[in-house]
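For reference, the chains in residue letters:
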Amino acid sequence: MTDNDTQQIRVWDPLIRLFHWTLVIGFLVAYLSGDELLQIHLYAGYLITGLLVFRIVWGFIGSRHARFADFIYPPREIVAYLKSLGSGRPKRYLGHNPAGGVMVILLLLGLGLTVGTGLLMDDAAAVQAEGAALHTAAADQGRLIRVDADDDDDEAFGKEGGMAHEVLEELHEFFANFTLFLVFLHIAGVIVSSRLHGENLVRAMITGNKPAEPGA
C-alpha cells in the first residue's frame, strides 16, 4: 500500500509488528526474571514458544516481506552485501536485507533452543521430583522390606533427573546469553542500516511503513 502524500510504502503487516514487540517484551521479562521469579519466567517462556510457532507459520503463509522466501538469500548475495557495507553504499531492500535475513533465522534458532531447553528442564525436574516422591511414599507406608529393595532404584531415578536438569540448565543459560548477544548485534545492525539508508527502521516496525525512496 502506498501513500502518495507521504511517499510511504507498507512493508510490515500488523501481525508481524505485534509479534516483534511482544517478543521483545517477552524475552526481556524472561531474561530478567530468571530463577528469582520462576513463575513469571515460565509464563514468559510459554509466551515466547507460542510466538515462535506463529512466526514459523507466518513465515510461509504471511504477507510478502514476512515470508522466509523474501529474506533467505543465497550465500553469495549475503557475502556481497556484507562487503558492500564497507563502501557505505549497500543496496537497499524494502524487507530484510541479506544480513538482516540471516539475523532473523539466527534469532529464531537461538530463541527456539532457549525455550526448548527450558521446557526439557521442566521434564527433568518432574523426573527428579517423581523419584523423591516414590521414595517418600514407600517410607510413609512402612513397607520396610520394599523400601530396602527399591531404595537404590528410587535414588538413581532421582539422581538421573537431577543430573539431566543441571546439564539442561547450563545449556539453557548458554542459549539465553547467546540470544542476548544476537539481540545486541541486531540492534547494532538496525542502527547502521538506518544511518546508511537515511530511514528509521525502528519507526518502520511501529508504523509498518518505509519511505519509498532512501532518505525520504
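Source: prediction; values computed, not measured.

Thresholds applied
- Residues numbered from 1 in each chain as written.
- Predicted model: local features only at pLDDT ≥ 70, side-chain atom pairs only at ≥ 80, totals over all residues.
- Heavy atoms only, no water.
- Helix = DSSP H or I, 4+ residues; strand = E, 2+ residues; numbered from the N terminus.
- Polar contact = N/O pair within 3.5 Å; in protein donor to acceptor, adjacent residues only side chain to side chain.
- Contact = heavy atoms within 4.5 Å.
- 1 Å grid on protein atoms, 1.4 Å probe; cavity = no way out; pocket = protein on both sides within 12 Å on 5 of 7 lines; lining within 4 Å.
- Points joined across faces, edges and corners; volume = space filled by probe spheres on them.
- Nonpolar A, V, L, I, M, F, W, Y, C, P; charged D, E, K, R; others polar.
- Patch = residues over 30% accessible without salt bridge, like charges linked within 9 Å, V, L, I, M, F, W, Y side chains within 5 Å.
- Areas by Shrake-Rupley, 256 points an atom, 1.4 Å probe, with all protein chains shown as cover.
- Salt bridge = Lys/Arg side-chain N within 4 Å of Asp/Glu carboxyl O.
- Lys, Arg positive; Asp, Glu negative; His and termini not counted.
- Charge placed at Lys NZ, Arg CZ, Asp CG, Glu CD.
- Buried < 20%, exposed > 50% of the residue type's maximum accessible area, 1.4 Å probe, protein only.

Enquirer: What am I meant to see in the side chain of aspartate 13 here?
Expert: As for its placement among the helices and strands, aspartate 13 is situated in the loop between strand 2 (8-10) and helix 1 (14-33). Polar side-chain contacts of aspartate 13 include one of 3.2 Å to the side chain of tryptophan 58. Those residues in contact with aspartate 13, other than ones at most four positions away along the chain, are Trp58, Ser63 and Ala66.

Enquirer: Can you walk me through the environment of valine 79 in this structure?
Expert: Considering the arrangement of structural elements, one finds valine 79 in helix 4 (residues 75-85). When the C-alpha positions of valine 79 and alanine 99 are compared, they lie 8.6 Å apart, and in sequence the two are 20 residues distant.

Enquirer: Mind showing me how you'd approach the layout of surface pockets here?
Expert: In this approach the atoms are scanned with a rolling probe the size of a water molecule, which exposes any empty space left behind. Here the largest pocket defines a volume of roughly 1,200 Å³. What lines the largest pocket is a set of 47 residues, among which His20, Leu107, His186, Ile187 and Val190 lie closest to the centre. Looking at the lining of the largest pocket, the elements with two or more residues in it are helix 1, helix 4, helix 5 (98-140), helix 6 (144-197) and helix 7 (201-207). Classifying every residue of the lining of the largest pocket by side-chain character gives 32 nonpolar, 10 polar and 5 charged.

Enquirer: I would appreciate a short explanation of the environment of valine 24 in the present structure.
Expert: Relative to the assigned elements, valine 24 resides in helix 1. As for valine 24 and valine 183, which are separated by 159 residues in sequence, their C-alpha atoms are 9.4 Å apart.

Enquirer: Can you walk me through a negative patch on the surface in this structure?
Expert: Taken together, the side chains of Asp35, Glu36, Glu166, Glu170 and Glu173 define an acidic patch exposed on the protein surface. The residue glutamate 36 is located in the loop between helix 1 and helix 2 (38-61) in this model. Since its relative accessible area comes to 67%, glutamate 36 is described here as exposed.

Enquirer: Would you take a moment to explain a nonpolar patch on the surface for this structure?
Expert: Residues Trp21, Val24, Ile25, Val29, Leu37, Ile40, Val202 and Ile206 make up a contiguous nonpolar surface patch of about 670 Å² in total accessible area. When residues of the nonpolar patch are traced back to their parent elements, those giving at least two are helix 1 and helix 7. Looking at the nonpolar patch, the element that brings in the most residues is helix 1, giving 4 residues. As for its placement among the helices and strands, valine 202 is situated in helix 7.

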